[in-house]
Amino acid sequence: MAEVPGKSGSVSFTNFATSVKSFSIDWKSDVEEITDFADGTAGYKTYLPTLKDWTATIEMNWDSANTATPGSSATMTLTVDGTSSYTGTAILTGISVSEPVGGVVTCTGSFQGNGLLTLS
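These lines cover the structure that appears in this document, whether it is placed above or below. Throughout, residues of each chain are indexed from 1 in the direction in which the sequence is written. The predicted nature of this model means local features are confined to residues of pLDDT at least 70 and side-chain atom pairs, given and counted, to a pLDDT of 80 or more, with totals for whole chains, interfaces and linings taken over all residues. To obtain the side-chain values, all non-hydrogen atoms of the structure were included, while hydrogens and water were left out.

## Some words on the overall build of the protein chain
- Helix and strand content of the protein chain: one helix and six strands.
- Its helices and strands in sequence order give the protein chain the pattern β-β-α-β-β-β-β, from N to C terminus.
- This radius of gyration counts C-alpha atoms alone. The globule rule is 2.2 Å times how many residues there are, raised to the power 0.38. Relative to its length of 120 residues, the protein chain is extended, with a C-alpha radius of gyration of 19 Å against a globular reference of 14 Å.
- Across the 120 residues in the protein chain, those meeting the buried criterion constitute 21%.
- Pairs of residues are marked as contacts when any of their non-hydrogen atoms sit within 4.5 Å. Long-range pairs, those at least 24 residues apart, make up 59% of the contacts in the protein chain with a sequence separation of at least 6.
- A total of about 7800 Å² of accessible surface is found on the protein chain, and carbon and sulfur atoms cover 53% of it.
- For the charge count, each Lys or Arg is scored as positive and each Asp or Glu as negative, with His and the chain ends excluded. Each charge is placed at NZ for Lys, CZ for Arg, CG for Asp and CD for Glu. Each charge class in the protein chain can be summarised by its mean position, and for the 5 positive and 12 negative side chains these summaries are 5 Å apart. A run of H or I in DSSP counts as a helix once it spans at least four residues, and a run of E counts as a strand once it spans at least two, with each numbered from the N terminus. Exposure categories follow from relative accessible area, calculated using a 1.4 Å probe and restricted to protein chains: below 20% of the type maximum is buried, above 50% is exposed, and the middle band is partly exposed. With residues, only the protein chains shown are counted as cover, and all accessible areas are computed by Shrake-Rupley using a 1.4 Å probe.

Here it is, written out as structure tokens:
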């Protein structure tokens, strides 16, 4: 396994992704327990994956070019190392702006995946 420096990442989402500092993706699958008597005799539960879900968070320096508002939906691409990308449709669910008196104004966007997320 090769470690990857974070400096090659990028994000695209209509009217939102400029000056990105970091992003995170939470991609998960629900599971349902399907343990039966045969499984139970071994002392272990068994599960079946069911529905998948994903969310993303983007942290960036604030920019007046960011005009997306909560409820906006678009294709989102989160590129990890300049070559590997996660792509799917997402809904912008929230924006948080932080303006310190002695620092840089930052913005955090929260996104809910809407359907399939692919890794390429």
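## What to know about the sheet that holds strand β5 (residues 85-98)
- A pair of strands is treated as paired once DSSP finds two or more bridges between them. Taken in spatial order, the six strands make up an open sheet running β1-β4-β5-β6-β3-β2, and their pairing is antiparallel. Looking at the sheet topology across the chains shown, the edges are occupied by β1 (10-12) and β2 (20-33). Each adjacent strand pair in this sheet contributes to an overall mean axis angle of 30°, direction not counted.
- Bridging between β2 and strand β3 (residues 47-61) involves 12 bridges; their strand directions are antiparallel. Each residue of the ladder has a partner; that of V31, found in β3, is P49. The angle between two axes is taken between their N-to-C directions and runs from 0 to 180 degrees, where each axis is a line fitted to C-alpha atoms and a helix contributes only its stretch in contact.

## As for the packing of aromatic side chains
- The rule is short: rings of Phe, Tyr and Trp, with Trp giving its six-membered ring, pair when the centres are within 6.5 Å, and they are stacked under 30 degrees, edge-to-face over 60, tilted in between. Following the criterion strictly, the structure yields three aromatic pairs and no others.
- Arranged with centres 4.9 Å apart and planes meeting at 65°, the rings of F13 and F111 form a pair that is edge-to-face. Placement of F13 in the loop between β1 and β2 and of F111 in strand β6 (residues 106-119) is noted, with a sequence separation of 98 residues between them.
- Given the relative accessible area of 5%, F13 is considered buried.

## Considerations on the nonpolar core
- Each nonpolar core is a collection of buried residues, namely Ala, Val, Leu, Ile, Met, Phe, Trp, Tyr and Cys, held together in the definition by side-chain atoms within 4.5 Å. In terms of nonpolar packing, the biggest core is built from 17 residues, with F13, F16, M76 and F111 touching the most fellow members.
- It is β3 that contributes the most residues to this core, four residues altogether.
- What F16 contacts, discounting residues up to four positions off in sequence, is M60, N66, A68, L92, I95, C107, G109 and F111.

## Describing the pairing of β6
- Relative to β6, β3 runs antiparallel, the two sharing seven bridges. Paired with N61 across the two strands is T106, which belongs to β6.
- Pairing of β5 with β6 involves 11 bridges; the strand directions are antiparallel. By the bridge assignment, S98 is partnered in β6 with T106.

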